[in-house]
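# Secondary and tertiary structure notes
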Amino acid sequence: MTAPLDAEAVDLRMYDAGDFDWLVDLHHAHYRASDGFDDTFAALVASILKDFEANHDPTRERGWVAEHDGRPLGSIFCVRLTQDTAKLRLFLLEAQARGLGLGRRLLMQCMDFARSVGYKRMQLWTHESHAAACALYARSGWTCTSTKPVHSFGVDLVEQAWEVTL
């Protein structure tokens, strides 16, 4: 039997290109199992990461990986949307890393970074079915600014846009 994960022992490190495959695989496996997403979602994650690797400005954009004993557990990214607005992307934790405060720690890391480099607000895009994440956003000062029914990744979803003033 494995000992419970100690969130305090989890390191937050910068994303690097060696994380690409596991991060695409993590998103693909999680959202296929939880929401029935098809392979187009994995392709979207891969596209986001390829663009980040090729074009990100390290002074205003970052990706973090939560890692324990050399094993990655999840990620979060802050990317530029406009001069004043950052976009939160690819926020996900493996199941065993949830419920320990690690999601809040990652979210605060991302928001604090965005604030420190001069962004005035952040936005994100998610789905209504991601109830735990949406509850965390609301507790952290984010507001859901719009919802709309869509058919994406092979399933019917309710898409949400969220925003926070930093």
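Just above, that's the structure.
Please read all numbers here as calculations on a predicted model, not as lab measurements. For every chain, the first residue of the written sequence is number 1, and numbering continues from 1 onward in sequence order. Restriction of local features to residues with pLDDT of at least 70 applies here, the model being predicted, together with a cutoff of 80 or more for giving and counting side-chain atom pairs; totals for whole chains, interfaces and linings are based on all residues. Derived side-chain values reflect all non-hydrogen atoms in the structure, with water molecules and hydrogen atoms excluded from consideration.

### Side note on the environment of L124
Mapped onto the secondary structure, L124 falls in strand β5 (residues 121-127). Each residue's exposure class comes from its accessible area (1.4 Å probe, protein chains only) as a fraction of the maximum for that residue type: buried when under 20%, exposed when over 50%, partly exposed otherwise. What makes L124 buried here is its relative accessible area of 4%. Excluding residues within four positions of it along the chain, L124 makes contact with L88, Y137, W142, Q160, A161 and W162. By the criteria applied, helices consist of DSSP H or I runs no shorter than four residues and strands consist of E runs no shorter than two, each listed in order from the N terminus. Here, residues are in contact when the closest pair of their heavy atoms is within 4.5 Å.

### Brief notes about the pairing of strand β2 (residues 62-68)
Most of β2 is tucked away, with 6 of its 7 residues classed as buried. In terms of strand pairing, strand β1 (residues 11-14) meets β2 through 4 bridges, oriented antiparallel. Following the sheet pairing, D11 is matched in β2 by E67. Between any two strands, pairing holds if DSSP finds at least two bridges. Connecting β2 to the antiparallel partner strand β3 (residues 71-80) that follows it, the hairpin turn spans 2 residues, and D69 within it adopts a positive phi of roughly 50°.

### Some words on the packing of helix α1 (residues 20-35) against helix α2 (residues 39-55)
Axis angles are defined between N-to-C directions and span 0 to 180 degrees, where every axis is a line fitted to C-alpha atoms and, for a helix, only to the segment in contact. One can describe the packing of α1 onto α2 by two numbers: an axis separation of 9 Å at closest approach and a directional angle of 150°. Taken together, the axis directions place α1 and α2 in an arrangement best described as roughly antiparallel. Note that α1 runs across α2; the crossing there is right-handed. Across from F20, L23, V24, H27, H28, Y31 and R32 in α1, the residues of α2 making contact are D39, F41, A42, V45, A46, L49, K50 and E53. Amino acid classes used here: Ala, Val, Leu, Ile, Met, Phe, Trp, Tyr, Cys and Pro are nonpolar; Asp, Glu, Lys and Arg are charged; the rest, including Gly, are polar. Considered class by class, the residues forming the contact of α1 with α2 number 9 nonpolar, 2 polar and 4 charged. Angular relationships are summarised with four words: roughly parallel below 35 degrees, roughly antiparallel beyond 145, roughly perpendicular across 65 to 115, and oblique for the angles in between. What makes a crossing left-handed is the near helix being turned counterclockwise from the far one by less than a right angle; a clockwise turn instead makes it right-handed.

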